[in-house]
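# Residue-level structure breakdown
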Amino acid sequence: MDSEFTTDISNYNLKEDGEVVAESYSNIALIKYWGKYEKQIPANPSLSFTLSEAKTQTRLKFSPKKSEKSEIKVFLENQIKPSFVPKIEKFFSSIQDYIPFISQYDYEIYTQNSFPHSSGIASSASGMSALAKCLIAMEKEFCYEMEESLKKASFLARIGSGSASRSVYPGTVVWGKSKDVEGSSNEFSIPINDEVHPVFADFRDTILIIHRGEKKVSSTVGHQLMQNHPYAEKRFQEAHINLRNLLKVMKEGDVDGFIKITEHEALTLHAMMMMSNPYFILMEPNTLSAIKRIWKFREEKRIPVCFTLDAGANVHVLYPKEFMKEVEDFIQRELKSLCENGEVLYDCVNQFL
Ligand code: DP6
């Protein structure tokens, strides 16, 4: 595919060997990406908050390849993980036109997550984003006049995992072409922090670990099931409308408006799963209990707290920083007991990376 990032190996001064490091934070989508076309082009635009605690750190060591095919070794928390290699191989071969030196080296990739292993927090967004940033750092070593390009990092990260393209930037981020977001693209994300009221700049996200471990159905399969989904087109159209409305309330600082759209999006995501063929449910009984308790608390206390869900059972509890004390007391009192081993992760929007 020809794009502004297509480049030629003659542009680089290749080094023998070396290592680069990078880190990236996880993100939680408010407008969900669920459904895609060829080459990781999203079926609708999405919007997310990048977090400030859940992160991946990656060290990429490279040396000239010893045989025809590049050898890739992946270590998670210093333990070798052969099962991670096929995904990275696929990623590297799909970005050959943009990082033309990629096939010249053998690699050792050392990666670690700040969040507990198999806590159900997806590491693909922060992981692929950190790896894409490593490749940009490597490119910079080979080509000194090259500017550090977050745009290209986001473009590469997208090819690795769609939601990873958003993790490249801090704060509120949009990925996918929308006529309501100037400069938006299906190929990379853009930060829109200047378009957002300060109340959202330090919004809290407390993650209730309702269920640890692998999901029963992966996001990849979920995206595929949108292909012959009877409600897909309507969903994709609605995502555009929800994005437009969310942008408006986020600009105005309208937290009640934010709550309505965010919860509607979360439940729409899970409704699409339930209406897929084959159908599936990723929520657990305690997911629903948590939602109902959040609604009751919000109504009784008139405190603006809401939830969103990722493609799993865990619940992200979202609220303005000014209500931290009340909401965290509530979480301890009424939500913690719904979590596996009482596990709760406190996070918030990250403004600075
Ligand atoms: C529900 O980005 O994990 O979290 O592009 O196949 O790697 P791939 O999928 P992925 O899907 C994320 C789905 C989601 C919604 C979102 O983050 O927007």
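Being a predicted model, the structure only gives us computed values, none of them experimental.

## Description of the sheet that holds strand β10 (residues 204-208)
As summarised here, the arrangement of the four strands in space is β11-β12-β10-β13, forming an open sheet in which the pairing is antiparallel. If you trace the sheet from one side to the other, it starts and ends with β11 (306-309) and β13 (344-348), each paired once. Averaged over all adjacent pairs, the angle separating strand axes in this sheet is 25°, with direction ignored. Of the strand pairs in this sheet, β10 and strand β12 (residues 315-319) are connected by five bridges, and their pairing is antiparallel. Paired with I207 across the strands is H316, a residue of β12. This element, helix α7 (residues 255-274), spans β11 and β12 of the sheet and lies at about 30° to β11. Each of β10, β11 and β12 is contacted by helix α8 (residues 285-301), which is oriented at about 155° to β11, the strand it contacts most.

## Quick look at the packing of helix α1 (residues 85-94) against helix α3 (residues 150-160)
Contact pair α1 / α3: the axes reach a minimum separation of 9 Å and the direction vectors enclose 130°. Viewed along their axes, α1 and α3 adopt a mutual orientation that is oblique. For α1 against α3, the interelement crossing comes out right-handed. Two secondary-structure elements touch here, α1 through K87, F91 and S94 and α3 through L156, I159 and G160. Its residues assigned to classes, the contact of α1 with α3 shows three nonpolar, two polar and one charged.

## Notes on the environment of V173
Relative to the elements of secondary structure, V173 occurs in strand β8 (residues 172-175). According to the relative accessible area criterion, V173 is buried, its value standing at 0%. For V173 and H197, which are 24 residues apart along the polypeptide, the C-alpha to C-alpha distance reads 14 Å. Here V173 is in contact with S46, L47, S48, T50, R166, S189, I190, P191 and I192, once residues within four sequence places are set aside.

So, how was this worked out
- Residues numbered from 1 in each chain as written.
- Predicted model: local features only at pLDDT ≥ 70, side-chain atom pairs only at ≥ 80, totals over all residues.
- Heavy atoms only, no water.
- Pairing = 2+ DSSP bridges.
- Helix = DSSP H or I, 4+ residues; strand = E, 2+ residues; numbered from the N terminus.
- Axes fitted to C-alpha atoms, helices over the stretch in contact; angles between N-to-C directions.
- Contact = heavy atoms within 4.5 Å.
- Parallel < 35°, antiparallel > 145°, perpendicular 65-115°, else oblique.
- Left-handed = near helix turned anticlockwise from the far one by under 90°.
- Nonpolar A, V, L, I, M, F, W, Y, C, P; charged D, E, K, R; others polar.
- Buried < 20%, exposed > 50% of the residue type's maximum accessible area, 1.4 Å probe, protein only.

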